[in-house]
Amino acid sequence: MVGRTGLRERGSPAEVFRPGLRPDPAAAAALAKGLYPAATLTETGDTVLDFALWPYEDELFVGAYDRALLLCDRRLFCLDDDARRIADTAAAALPGAGCGVLVLHNVVSGCWFRWYEAGELRRDVFVTAEDGVVVDQGARLPVERPFWDAIDAGAPDVPLPFDPEEFGLALAERYMFGRGIADRGGDGFLPLELPLRRFKHG
């Protein structure tokens, strides 16, 4: 999984990401063009989140729904100024919304997570298995607390005493989707089946 952004205007993530979500192709195109105003973007059809988790370098996936947005963009994987620009832009796309940005980096076994409220960055954390805690800014979110227990008790953070992927998926479940990304709920909804629009950079 490269990058995933979920936003909500009202209610819990599980109330926003729910069965029956219908994407808005025009809104998806507008967000894509807003992220890359100087690029030539070509719409290449529809897909689902399961396919979009590992975009190629020239791909961008956007899901725009009535109260939510979902974005998969390989540029988030770079963890640089452009990645932060993309995250900040997506976070501001729904005024008043909560937004989570998650990157699970398999090459360095790491997790980058940012949490926004009403467009304001509240939490920024980047951890890797080998380098430990690289960034730890803002108040920790409640679901993080069990992961930090050993470090807070004095254990070293190198190597990291918890699994970065488990850490990231716990944050995604609580703050982005309201359920595990691969968990089909009793309502039949599975986040991996969320529809998205596919774009290619020219």
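What counts and how
- Residues numbered from 1 in each chain as written.
- Predicted model: local features only at pLDDT ≥ 70, side-chain atom pairs only at ≥ 80, totals over all residues.
- Heavy atoms only, no water.
- Helix = DSSP H or I, 4+ residues; strand = E, 2+ residues; numbered from the N terminus.
- Rg over C-alpha atoms; globule rule 2.2 N^0.38 Å.
- Buried < 20%, exposed > 50% of the residue type's maximum accessible area, 1.4 Å probe, protein only.
- Contact = heavy atoms within 4.5 Å.
- Areas by Shrake-Rupley, 256 points an atom, 1.4 Å probe, with all protein chains shown as cover.
- Lys, Arg positive; Asp, Glu negative; His and termini not counted.
- Charge placed at Lys NZ, Arg CZ, Asp CG, Glu CD.
- Phe/Tyr/Trp six-rings, centres within 6.5 Å; stacked < 30°, edge-to-face > 60°.
- Core = buried A, V, L, I, M, F, W, Y, C linked by side-chain atoms within 4.5 Å.

This next bit is on the overall build of the protein chain. Counting its regular elements, the protein chain contains six helices and nine strands. The C-alpha atoms of the protein chain give a radius of gyration of 16 Å, which matches the 17 Å a tight globule of 202 residues would have. For the protein chain, the spread of C-alpha atoms along the principal axes amounts to about 50 × 40 × 30 Å. The buried share of the protein chain, taken over its 202 residues, is 49%. Long-range contacts, defined as pairs at least 24 residues apart, comprise 63% of the intrachain contacts of the protein chain with a sequence gap of at least 6. In the form shown here, the protein chain has an accessible surface area of approximately 9200 Å², with 50% of it arising from carbon and sulfur atoms. In the protein chain, the 22 positive side-chain charges and the 32 negative ones have mean positions that sit 6 Å from each other.

On to the packing of aromatic side chains. Counting across every chain of the model gives nine aromatic pairs. With a centroid separation of 6.4 Å and 80° between ring planes, the pair formed by Phe17 and Tyr65 is classed as edge-to-face. Here Phe17, found in the loop between helix 1 (13–16) and helix 2 (25–35), pairs with Tyr65, found in the loop between strand 3 (59–64) and strand 4 (69–73); they are 48 residues apart in sequence, far enough to count as distant. The exposure class of Phe17 is buried, given its relative accessible area of 1%.

With that out of the way, let us pick up the nonpolar core. Formed by 37 residues in total, the largest nonpolar core has its most connected members in Leu49, Phe113, Phe167 and Leu194. Listing elements by their share of this core, those giving two or more residues are helix 3 (49–52), strand 4, strand 5 (98–105), strand 6 (110–117), strand 7 (120–128), helix 5 (145–152) and helix 6 (164–177). Leaving out residues up to four positions away in the same chain, Phe167 has contacts with Cys111, Val125, Val127, Glu144, Phe147, Trp148 and Phe162. Residues Tyr36, Leu69, Tyr116 and Phe199 belong to the second largest nonpolar core, which totals 27 residues.

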